[in-house]
Amino acid sequence: MTRFEYVGQRSPLVKGERGTVRCTWDRGQDTHLYTAYTLQLKGPKNLTWQKQCNDHYCDHLDLGINLTPESPESSYTAKVTAINSLGSASSFPSSFTLLDIVRPLPPWDIRIKFVNASVSRCTLQWRDEGLVLLNRLRYRPINSRSWNMVNATNAKGRHDLLDLKPFTEYEFQISSKLHLYKGSWSDWSESLRTQTPEEEPTGTLDVWYMRQHIDYNRQQISLFWKNLSLSEAKGKILHYQVTLQEVAGGKATLQNITERTSWTWVIPRTGNWAVSVSAANSKGSSLPTHINITDLCGAGLLAPQQVSANSEGMDNLMVTWTPPGKAATAVQEYVVEWRELHPGASTQPPLGWLWSPPYNLSALISENIKPYICYEIRVHALSGDQGGCNSIRGNSKHKAPLSGPHINAISEEKGSILISWNEIPAREQMGCILHYRIYWKEQDSNSQPQLCEIPYRVSPNSHPIDSLRSRVTYILWMTALTAAGESPQGNEREFCLQGKANWSTFVAPSICLGVIMVGVLSVRCFRQKVFVLLLALRPQWCSKEIPDPANSTWAKNFVEEKTQLALERLLTDCPTPEEPETLVINKVLHQVTPAFRRSHHPNWPEKGQGVQGHYTSEEDTGYSASSPPPPRALTAETGQGVDLYKVLGSKGPDSTPGNPASPSTVLPVDYLPAHEGYLPSNIDYLPSHEPPITDPQEELPRHISLSIFPSSSLHPLTFSCGEKLTLDQLKMRCGSLML
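As annotated in an unreviewed UniProt entry, the chain carries the name Interleukin-12 receptor subunit beta-2 and comes from Neophocaena asiaeorientalis asiaeorientalis. If you open the UniProt record of the chain and go to Sequence similarities (unreviewed entry), you find "Belongs to the type I cytokine receptor family. Type 2 subfamily." According to UniProt, the comment filed for the chain under the heading Subcellular location (unreviewed entry) is "Membrane".

The following block contains the structure:
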């Protein structure tokens, strides 16, 4: 079996117009004997070429002759003969023409030209041998494995391509053939790689947004959009143009150009706002995408129900939900968004989203989904300018966390403790945290620790515990749980709850003590002793010192020197009708406890009340047996003008005319004026020559003085009163009261 082929000259000087004939054959079964091979070629005009190969394993020979292409239809015959020690054998003669065995050189100098820098008119050019009649072209995008094939007859080194895509890098190759039906194709030319020109972008951007309230009158709008596909971008996107405007006014509020695929701005919470986003390259801009800013989760009736997320392999999550009850028919479309939970990150992870028609209740998300990462997934149901949402967390693959939460603070609040902790680093959570567990036990205790399990969403980084006892030191630590298991123990913290005073421990003794005090003070003798003690302990600032004329030195001297003269005048002088009688009030100084009738002065205590909160009843006041007048009466000499201090100077009830203490007339105390300034002084300060008479039935103090006046002596009076000192000349304020 033989096969012949024409090997073209590779030298640029030959350019394939001349070549050498090379014959190849199959040696057949190995004879294990030395064999010689002879190649014989016969051509037109009885031309014969012969060449021998002495190599035992020879299977091809190059005759080294050139065949001219002047007669491409000329016939040639080739034969191979094998000779060894046992004999010889020849192959069947093989006949062929020049066109059958010639293989042209591959095309060279390939180039491409874009008319008017437009991809719609593209011309591919090359150089080829002069006898080439047929060409084939193949091209493909650089990232594609399949080729596009084009055949060109009599192309003469150029061909127009009309289906190239803009801003796409292509690879081009060309092959040649001398005859339409005979001969072989040349090898493929070297590849030409080039990028097609840009065109104006087509299509619109896929835009989504998030809305967050900052305060009562401001909100933050975060816009996100996806890159246009290569077929839509038709070039390199240089920037994006964002326009924010108020719907009511229609006036553009803000225009911004950014190279990023997100944009954030703060706008007022009032009014309706709309956003438009477009992409631009060197040839133009795409059509803008318009979107109205609404409250995506404001309509509770539109919230999807029973949202779930299940793993679909390592990099996929299947999200399912049910329609929002009665409002299912109002839903126009669903949006599923997801974001990687990244606690403590300074930058927000990228947001992914996809749109779903209202009849589709599931979505497979695979963009930016990684194993052992927890994602927050939210499903929105949109209806016009309203929207409702529901969310869930999910992961494509999970296992137990690698570490436990770190307790950073324990504080005491109202008899309980508040535990705060740091989140487990995102790369150590190994999925979605479902629960936290707080363990505690008494220090140096071998008992099993108590625990409290907290759902993740209830309190992500703090939780109170109110079951600890006061003044007991506890050891506390935490763990975290995913669906795969529990994390190792976190750090340990010691804490002792100090606690606060229990009011119940004070209320009961206070009530008992109050009952006992009321019972003790209800007894008269104890009550009087307590009042005396309180008066003795009364501070000086409780009352202002007011002089007491009855205890002044001048009054005492006046009484001693003028008593006799005044008594004589009392016996001899008679009042005249022309001169009104001066009423002199005498106090009979028996050994009794005086009592005064209540005055109508507004500053005096009412009946049942004593001065400074003390009231002495009649049964608490004792009198001696030698006291004939009642305690509510005063005596006076009828028709006699007795000076008050002269009367006060008497020493006892059995006075003589020189000692006028024996009264002849008893006047009621109500006779005293009730005007301010005419109150009696403390009579206990008057001197007495007789010892006090004690009630034999009751050993009590004779006089208890509860006075608002100070107990110190008063300074002498500095004015002159003549021979008489009457009540119309002397004014005394409420300084003391004898009970």
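## Quick notes on the overall build of the chain
For the chain, the helix and strand inventory stands at seven helices and 40 strands. Within the span of the chain, comprising 739 residues, buried residues form 39% of the whole. Across the chain, every contact between residues at least 6 apart in sequence was considered, and the portion connecting residues at least 24 apart equals 68%. Counting every atom, the chain has about 42,700 Å² of accessible surface; 52% of that belongs to carbon and sulfur.

## With respect to the sheet that holds strand β24 (residues 305-311)
Judged by pairing direction, the sheet is antiparallel, and its three strands sit side by side in the order β24-β25-β28 without closing on themselves. Among the strands making up the open sheet, the edge pair consists of β24 and β28 (362-365). Strand-to-strand, the axes of this sheet are offset by a mean angle of 15 degrees, without reference to chain direction. Sheet analysis places β24 next to strand β25 (residues 317-322), joined by five bridges and oriented antiparallel. Bridging across to β25, Ser 311 finds its partner in Leu 317.

## Topic: the environment of Tyr 139
As for its placement among the helices and strands, Tyr 139 is situated in strand β11 (residues 134-141). Exposure remark for Tyr 139: the relative accessible area of 4% places this residue in the buried category. If we skip the residues at most four places from it in the chain, Tyr 139 touches Trp 147, Asn 148, Val 150, Leu 161, Asp 163, Leu 164, Tyr 170, Glu 171 and Phe 172. A distance of 2.8 Å separates the side chain of Tyr 139 from the side chain of Asp 163, its partner in a polar contact.

## Overview of the sheet that holds strand β9 (residues 108-114)
The antiparallel open sheet is built from three strands, whose spatial order is β9-β10-β13. The sheet is open, and its two borders are formed by β9 and β13 (158-161), each paired with just one other strand. Each strand of the sheet is rotated relative to its neighbour by a mean of 20 degrees, with strand direction disregarded. When β9 meets strand β10 (residues 122-127), the two strands line up antiparallel, connected through five bridges. When the sheet's bridge partners are listed, Phe 114 is paired in β10 with Cys 122.

## A word on unusual backbone geometry
With a phi close to 55 degrees, Lys 234 is a non-glycine residue in the positive phi region. Mapped onto the secondary structure, Lys 234 falls in the loop between α2 (230-233) and β18 (239-246). The exposure class assigned to Lys 234 is buried, which follows from its relative accessible area of 18%. A positive phi angle, near 50 degrees, is found at Gln 306, a position not held by glycine. By the element assignment, Gln 306 lies in strand β24. Look at Gln 306 and you get exposed, because its relative accessible area is 63%.

## Topic: the side chain of Arg 140
Considering the arrangement of structural elements, one finds Arg 140 in strand β11. Residue Arg 140 is classed as buried on the basis of its relative accessible area, which comes to 18%. Reaching out from Arg 140, the side chain makes a polar contact with the backbone oxygen of Arg 145 at a distance of 3.3 Å. Not counting chain neighbours up to four residues away, the residues in contact with Arg 140 comprise Arg 145, Ser 146, Trp 147, Glu 169, Tyr 170 and Glu 171.

## What about a nonpolar patch on the surface?
On the surface, Ile 516, Val 520, Val 523 and Phe 526 cluster together into a nonpolar patch covering about 330 Å² of accessible area. With respect to the helices and strands, the residue Val 520 is situated in helix α4 (residues 504-521). On the basis of relative accessible area, Val 520 is assigned to the partly exposed category, the value being 34%.

## What to know about the state of the cysteines
By definition, a disulfide links the sulfur atoms of two cysteines through a covalent bond. Scanning all chains against the criterion turns up three disulfides. Between the sulfur atoms of Cys 297 and its disulfide mate Cys 389 the distance is 1.8 Å. Judged by the sign of its S-S torsion, about 115 degrees, the bond between Cys 297 and Cys 389 is right-handed. Highlighted residues: Cys 297 in the loop between β23 (289-293) and β24 and Cys 389 in strand β30 (residues 386-394), separated in sequence by 92 residues. On the basis of relative accessible area, Cys 389 is assigned to the buried category, the value being 18%. Across a sulfur-sulfur distance of 2.1 Å, Cys 374 and Cys 432 are joined as a disulfide pair. Taking the sign of the torsion about the S-S bond as the criterion, the disulfide between Cys 374 and Cys 432, at about 100 degrees, is right-handed. On the criterion of sequence distance, the pair formed by Cys 374 in the loop between β28 and β29 (375-383) and Cys 432 in the loop between α3 (426-429) and β33 (435-442) is long-range, its members being 58 residues apart.

## Observations concerning the packing of aromatic side chains
The description of an aromatic ring pair uses the distance of the two centres, along with the angle that the planes make with each other. Counted under the stated rule, the structure contains twelve aromatic pairs. By the ring-pair criterion, three or more aromatic residues cluster together here, those being Tyr 139, Tyr 170 and Phe 172. Cation over ring: Arg 138 sits above Trp 188, and NZ or CZ is 4.2 Å from the ring centre.

## Describing the pattern of salt bridges
When their charged atoms lie close together, side chains carrying opposite charge are able to pair. For the structure shown, the criterion picks out eleven salt bridges. For Asp 215, the salt bridge goes to Arg 218, with nearest N and O atoms at 3.0 Å. A residue is classified by how much of its surface remains accessible, and Asp 215, at 26% relative accessible area, is partly exposed. The partly exposed category is assigned to Arg 218, whose relative accessible area is 39%. The residue Arg 427 makes a salt bridge to Glu 340 at a minimum N-O spacing of 3.9 Å. Here Arg 427 is found in helix α3, whereas its partner Glu 340 is found in strand β26 (residues 333-340), with 87 residues between them in sequence. With relative accessibility at 51%, the residue Arg 427 sits in the exposed group. The exposure class of Glu 340 is buried, given its relative accessible area of 13%.

## Overview of the pairing of β28
By the alternation rule, side chains of β28 split into Ala 363 and Ile 365, which are all buried, and Ser 362 and Leu 364, of which none is buried. Pairing between β25 and β28: four bridges, direction antiparallel. Directly across from Val 319, in β28, lies its bridge partner Ala 363.

## Observations regarding the environment of Gly 28
Relative to the elements of secondary structure, Gly 28 occurs in the loop between β2 (19-25) and β3 (36-43). Gly 28 gets classed as partly exposed once you look at its relative accessible area, which sits at 48%. It is 9.9 Å that separates the C-alpha atoms of Gly 28 and Asp 59, two residues lying 31 residues apart in sequence.

## Some words on the nonpolar core
For soluble globular proteins, the rule of thumb is that nonpolar side chains tend to be buried together. Counting residues in hydrophobic clusters, the biggest one holds 26 residues, and the most contacted among them are Leu 205, Trp 208, Leu 223, Trp 225, Val 242, Val 275 and Val 277. Those elements that provide at least two residues to this core are β16 (207-215), β17 (218-225), β18, β20 (262-268), β21 (273-281), β23 and β27 (351-356). Counting residues domain by domain, this core receives three or more from each of domain 3 (207-292) and domain 4 (300-394). Those residues in contact with Leu 205 that lie beyond four places of it in its chain are Trp 225, Lys 226, Leu 228, Tyr 240, Val 277, Ser 278, Ala 279 and Thr 289.

Reading guide: rules and limits
Every residue gets a number counted from 1 within its own chain, in the order that chain's sequence is written. Reporting in this predicted model follows two pLDDT cut-offs: at least 70 for local features of residues, and 80 or more for side-chain atom pairs to be given and counted; totals over whole chains, interfaces and linings ignore these cut-offs and use all residues. Only hydrogens and water are set aside; all other atoms, that is, all heavy atoms of the structure, feed into the side-chain values. UniProt positions are given in the numbering used here, feature names are shortened, and annotations may be inferred rather than shown by experiment. Working definition: helices are DSSP H or I runs of at least four residues, strands are E runs of at least two. Numbering for both runs from the N terminus. Only protein chains enter the area calculation, which uses a 1.4 Å probe; residues under 20% of their type maximum are buried, those over 50% are exposed, and those in between are partly exposed. The contact rule is simple, with two residues in contact once any of their heavy atoms fall within 4.5 Å. Only the protein chains shown count as cover for residues, with accessible areas throughout obtained via the Shrake-Rupley method and a probe of 1.4 Å. Between any two strands, at least two bridges found by DSSP are needed for them to pair. An axis is simply a line fitted to the C-alpha atoms; with a helix, the fit covers only the stretch in contact. Between two such axes, the angle follows the N-to-C directions and lies from 0 to 180 degrees. By the criterion applied in these results, polar contacts are pairs of N or O atoms within 3.5 Å in which, for protein atoms, one can donate a hydrogen and the other can accept it, and in which residues neighboring in sequence qualify only through two side-chain atoms. Only residues whose relative accessible area exceeds 30% and that take part in no salt bridge are eligible for patches, with like-charged residues grouped when within 9 Å of each other and nonpolar side chains (Val, Leu, Ile, Met, Phe, Trp, Tyr) grouped when within 5 Å. The salt bridge definition used is simple: a Lys or Arg side-chain nitrogen within 4 Å of an Asp or Glu carboxyl oxygen. Only a pair of cysteine sulfur atoms within 2.5 Å counts as a disulfide in this structure description. The rule is short: rings of Phe, Tyr and Trp, with Trp giving its six-membered ring, pair when the centres are within 6.5 Å, and they are stacked under 30 degrees, edge-to-face over 60, tilted in between. By definition, being over a ring means that NZ of Lys or CZ of Arg is both within 6 Å of the ring centre and within 35 degrees of the ring normal. Definition of nonpolar core: a set of buried residues of the types Ala, Val, Leu, Ile, Met, Phe, Trp, Tyr and Cys, connected through side-chain atoms within 4.5 Å. Per the annotation, domain bounds derive from an automatic or database assignment of domains.

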